[in-house]
Amino acid sequence: MSSDDLTREEAAARAALIGDAAYAIHLDLRRDDSFTSTTTVTFRCAEPGAASFIDVAALVVESATLNGEDLSTDGYDGARLTLAGLSADNELVVRARHAYNREGKGLHRFVDPVDGRPYLHTQFEPRDAHLVYACFDQPDLKATFDFSVDAPDDWVVVSNMAAREAGPGHWAFATSPRMSTYVTAVVAGPYVSVHDRHGPIDLGIYCRQSLREHLDPDEIFEQTKQGFDFFERAFGMAYPFGKYDQLFVPEFSAGAMENVGCVTFLESYIFRGRVTESARERRCETILHEMAHMWFGDLVTMRWWDDLWLNESFATYMASHAQVHATRFTEAWVTFSDRWKAWAKRQDQLPTTHPIVADVPDVESVFQNFDGITYAKGASVLRQLVAFVGDDAFFEGCRRYFDRNAYGNATLADFLAALEETSGRDLGSWAGDWLETAGLNTLRAEVEAEDGRITSFDIVQTAPDDHPTLRQHRIRVGLYRTGGDGLEREESVELDVDGARTPVEQLVGKPVADLVLVNDDDLTYAKLHLDPESLRNVGERLRDLRDPMARALVWGSVWDMLRDGELPARRYVALVHANVDGEREIGVLETLLARERTATELYGAPENRQRLLRTVADFAEARARAAEPASDAQLAWARHWAAVCEDPDHAARIEALLAGELVLDGLVLDTELRWTLLAGLAARGHVGPERIEEMLASDPTDIGKRHALAAHASRPEPEAKDEAFQRLVDDQDLSHLELRAIAGGFNRSDQAHLLTPFVDRYFEALPKVWETRALDTALDFAEETFPFAASSEAVLAKLLDAARHLPRPAARTLLEHSDIVRRVIAARACDAGATE
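The sections below set out a description of the structure shown in this document. (Residues numbered from 1 in each chain as written. Predicted model: local features only at pLDDT ≥ 70, side-chain atom pairs only at ≥ 80, totals over all residues. Heavy atoms only, no water.)

Right, let's get into the pairing of strand E24 (residues 473-483). On a regular strand, each side chain points to the face opposite its neighbour's, so the side chains alternate between the two faces of the sheet. Among the 11 residues that make up E24, 8 are buried, leaving the element largely enclosed by the rest of the structure. Both E24 and strand E25 (residues 486-497) contribute to a ladder of 11 bridges, which runs antiparallel. In the sheet register, Gly 483 faces E25, and the bridge partner there is Gly 486. Where E24 folds back onto E25 in an antiparallel hairpin, the turn is made up of 2 residues. Pairing between E24 and strand E27 (residues 515-517): 3 bridges, direction antiparallel. Note on E27: the bridge partner recorded for Tyr 480 is Leu 515. (Buried < 20%, exposed > 50% of the residue type's maximum accessible area, 1.4 Å probe, protein only. Helix = DSSP H or I, 4+ residues; strand = E, 2+ residues; numbered from the N terminus. Pairing = 2+ DSSP bridges.)

Shown next as structure tokens:
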């Protein structure tokens, strides 16, 4: 274990010894090459005379004093400073010089290529505050914080609390309430801002100067206010931290981060071009997710990272719930099913799946649990929990949990205890089945009928052999029949499913249905298999299904069948083309188009690919031309058309569209759409590097640079692939976003002939990348650059062999890759063996 890791046992021992901490932190940000921190921390020690350590990762610790005495730094190992002979009451002062970061953690420094202005932001989750100041960097050693900052005169500095002094070159902030180190924050630079107020809460929105023209503060403020009204009412508690700033920061490493009163966001939530309503819904979801954390995560914080899942799952669930009840996105549960549950199901079928309550022995293990189990399965299971205990009991339990644990730390047991009190339900067996076991159940209906009437109806539950738990599910069964207004639900029964087979006596004697949905309204977390009659009917009538959630469930079921090797890619594409005109949810439509492309390029048999791509491109062009002018659907189809323009005829028309010679009424050729069109042409070999550089010259921003990096790496030429791969392995100056851009262009599922030689090079490069890059960057490389297009039995064997010789996080990634390779092999065989 690295000394910059921290084990659960070490954290528990330190928490038993150290308490009542208070920090005064001064940062000097006036140099371009490094910065200094001066940390003064007072704290109590439960065992006078004992020894402990404080975390500080610095270029050099310039000085340290403990209780007025110089502290030797001889034992400083670059991550920990030993504290020996502690008193009952202590004052420690540490002055250190630190490096700026380009990998999205600690204090990240970015220089805008548009105007040369520098911008800084911190990112500390799970344990990177000590890259910026000396601290006891673990979530259960909460403390108060006084931040002050020296910065260039023209900068703005923002932190968790409101500024009590703000003048040219110097900023000082009010003392915070008790909070964890990982949610402290400092953002600094010549940011521009817009301000508003909601009741007693001062609101701010910040971005860099070159993006100000694209910021749409009115919508962000509107959704922020809607969120505060909802959460304060639902949680029975006013927002606890005073002001609330939301900052869109360059090269952010995640979607957003819930720093107390100082929430940081990825800049892609500032829209440089026209986006669909789905993108705005996603931004709203993120805004509400981070806001929910102000109560669940920041006010009441997990004791250790074992409960990371509860922190993130609660915020994910509450964001969708708040969207439905407080914003214009009233179909957010459809998006939840289509996006979050689909992610959870993919993750839960991997060989590395794990219980929601995971064992996290050290901080390094946390990186392996920022996954679909932690966020998406956990949130899906919380939705099932709410169905199990009821809305009223759930929210009353939340209110008790917040009241009891405010400004402190708590555990899953504390949360479940509050819900047991308010619901009267014993949640012990529920928690055991849902939280402490891994794997995904499958639900299907077995229906028998005579003379058009149901004679027996059973719900059959199965589980995979390696995770055989059968769970109790609270579900709704819907029977849909074709009528004058389409395929509509005519019968609905809500019940508990428990065990391998559950009879549904209430449906015996009912008329047979055209479609049976055994998880109608998507209350539980399970895989859904349609019965044979329902599957036949949706192939022809899915477009007539009026309920958006029901459509999403069916679309998800047939996609699962494709990935399981049970539905040929060509038939999946045919089903999409026959029914997609009935899809009115733009987010679901965009998911369908992405899946259609994956089905064609990755899961389809190689010998069918060119012909199927032509069919897909013909269909996309026709729908782009026929779509309502300026509609979301028109934009989605135009993007899809560009992404699949394999043959020269389609490429010529995309070229004409890009040049303005072909006009689709209402389609605006803004910068982002022009990059999309050019990227499609570059990846199919229809334009060369000169055209990419011309486009970059017209958009010389860092965002334009990343588009150009991806486009260059996507070109179907051996030289382009070789150059991209070498940069991914060797270029230490790449930011994490630049690395992801290059990897995305390099690793295309339609370029197997070019990527096959990189299978061995990938395995050869992994050890070097692991030694030379930060853990999260090495994980990005391992996850993003493996060439799935080259899947074969031989590649599968190499993956499994390599996994036995690499560090734990890398080995886990390779095992997950092996599942995808198996699925690609099976799906291609299914497609190859299918008749037209």
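Turning our eyes to something else, we now look at the pattern of salt bridges. Tallied over the full model, the rule gives 81 salt bridges. Across the pair Glu 621 and Arg 653 runs a salt bridge, and its minimum N-O distance is 2.7 Å. Of this pair, Glu 621 sits in helix H15 (residues 609-626) while Arg 653 is found in helix H17 (residues 648-659), placing the two residues 32 residues apart along the sequence. One salt-bridge network, in which partners are shared between bridges, spans Arg 474, Arg 476, Arg 489, Glu 494, Asp 496, Asp 520 and Asp 521. (Salt bridge = Lys/Arg side-chain N within 4 Å of Asp/Glu carboxyl O.)

This paragraph deals with helix H16 (residues 632-643). When the terminal C-alpha atoms of H16 are compared, their 17 Å separation across 12 residues agrees well with the 16 Å that a helix rising 1.5 Å per residue should span. Along H16, 10 of the 12 residues are buried, which leaves the element largely enclosed by surrounding structure. Taken as a whole, H16 has its buried residues at Asp 632, Gln 634, Leu 635, Ala 636, Trp 637, Ala 638, His 640, Trp 641, Ala 642 and Ala 643. (Expected span 1.5 Å × (residues − 1).)

On to the sheet that holds strand E16 (residues 201-207). Spatially, the 5 strands line up as an open sheet ordered E15-E16-E17-E19-E18, and their pairing is mixed. Both outer strands of the open sheet, strand E15 (192-198) and strand E18 (256-257), are each paired with one neighbouring strand and no more. Here 2 bridges tie E18 to strand E19 (residues 262-266), and the two strands are oriented antiparallel to one another. The partner of Met 257 across the bridge, within E19, is Thr 264.

This part takes up the packing of aromatic side chains. Per the counting criterion, the structure on display carries 52 aromatic pairs. On the basis of an interplanar angle of 20° and a centroid distance of 5.2 Å, the ring pair of Phe 296 and Tyr 401 is categorised as stacked. Here Phe 296, found in the loop between helix H3 (277-295) and strand E20 (300-302), pairs with Tyr 401, found in helix H8 (residues 391-405); they are 105 residues apart in sequence, far enough to count as distant. Neither Phe 296 nor Tyr 401 differs from the other in exposure class; each is buried. With a centroid separation of 5.1 Å and 85° between ring planes, the pair formed by Phe 746 and Phe 758 is classed as edge-to-face. In this pair, Phe 746 is assigned in helix H22 (residues 736-746) and Phe 758 in helix H24 (residues 758-772), connecting sequence segments 12 residues apart. Taking relative accessible area as the criterion, Phe 746 reaches 0% and is therefore assigned buried. (Phe/Tyr/Trp six-rings, centres within 6.5 Å; stacked < 30°, edge-to-face > 60°.)

Our focus in this paragraph is the sheet that holds E25. With respect to topology, 3 strands assemble into an open sheet ordered E25-E24-E27, the strand pairing being antiparallel. Strands at the two margins of the open sheet, each flanked by one partner only, are E25 and E27. Strand-to-strand twist of the sheet, defined as the mean angle between neighbouring strand axes without regard to direction, takes the value 15°. (Axes fitted to C-alpha atoms, helices over the stretch in contact; angles between N-to-C directions.)

This brings us to the state of the cysteines. What the rule picks out here adds up to 0 disulfides. Take Cys 45: it sits in no disulfide, and the sulfur closest to it among the cysteines is that of Cys 135, at 18 Å. Classification of Cys 45 as buried rests on a relative accessible area of 5%. (Disulfide = S-S within 2.5 Å.)

Moving on to the packing of H15 against H17. Following both chains from N to C, one finds H15 and H17 inclined at 30°, their axes separated by 10 Å at the closest point. Comparing their axes, H17 and H15 come out roughly parallel. Two packed elements cross with a definite hand, and for H15 against H17 that hand is left-handed. Contact residues: H15 offers Arg 614, Ala 617, Asp 618, Glu 621 and Arg 625, while H17 offers Asp 649, His 650 and Arg 653. Per-class residue counts for the contact of H15 with H17 are 1 nonpolar, 1 polar and 6 charged. (Parallel < 35°, antiparallel > 145°, perpendicular 65-115°, else oblique. Left-handed = near helix turned anticlockwise from the far one by under 90°. Contact = heavy atoms within 4.5 Å. Nonpolar A, V, L, I, M, F, W, Y, C, P; charged D, E, K, R; others polar.)

Before going further, it helps to examine the side chain of Ser 337. Mapped onto the fold, Ser 337 is located in helix H5 (residues 332-348). Engagement of the side chain of Ser 337 in a polar contact is seen with the side chain of Asp 522, the distance being 3.0 Å. (Polar contact = N/O pair within 3.5 Å; in protein donor to acceptor, adjacent residues only side chain to side chain.)

Before going further, it helps to examine the layout of surface pockets. If a probe the size of a water molecule is rolled over the atoms, the empty space left behind becomes visible. Space inside the second largest pocket adds up to approximately 330 Å³. As for the second largest pocket, its lining consists of 19 residues, and the residues nearest its centre are Asp 348, Gln 349, Pro 464, Asp 466 and Arg 823. Of all the elements in the fold, those that place two or more residues in the lining of the second largest pocket are strand E28 (527-529) and helix H27 (808-833). Here the lining of the second largest pocket is composed, by residue class, of 5 nonpolar, 7 polar and 7 charged. (1 Å grid on protein atoms, 1.4 Å probe; cavity = no way out; pocket = protein on both sides within 12 Å on 5 of 7 lines; lining within 4 Å. Points joined across faces, edges and corners; volume = space filled by probe spheres on them.)

Within the largest apolar cluster, 277 residues are counted, with the highest numbers of intra-cluster contacts made by Trp 295 and Phe 394. In contact with Trp 295, not counting residues within four places along its chain, are Phe 228, Phe 231, Glu 232, Phe 235, Met 237, Ala 238, Tyr 239, Pro 240, Val 300 and Phe 402. Val 573, Leu 613, Val 616 and Val 644 belong to the second-largest nonpolar core, a separate cluster that totals 6 residues. (Core = buried A, V, L, I, M, F, W, Y, C linked by side-chain atoms within 4.5 Å.)

Such coordinate-based values are descriptive only and should not be taken to indicate function.
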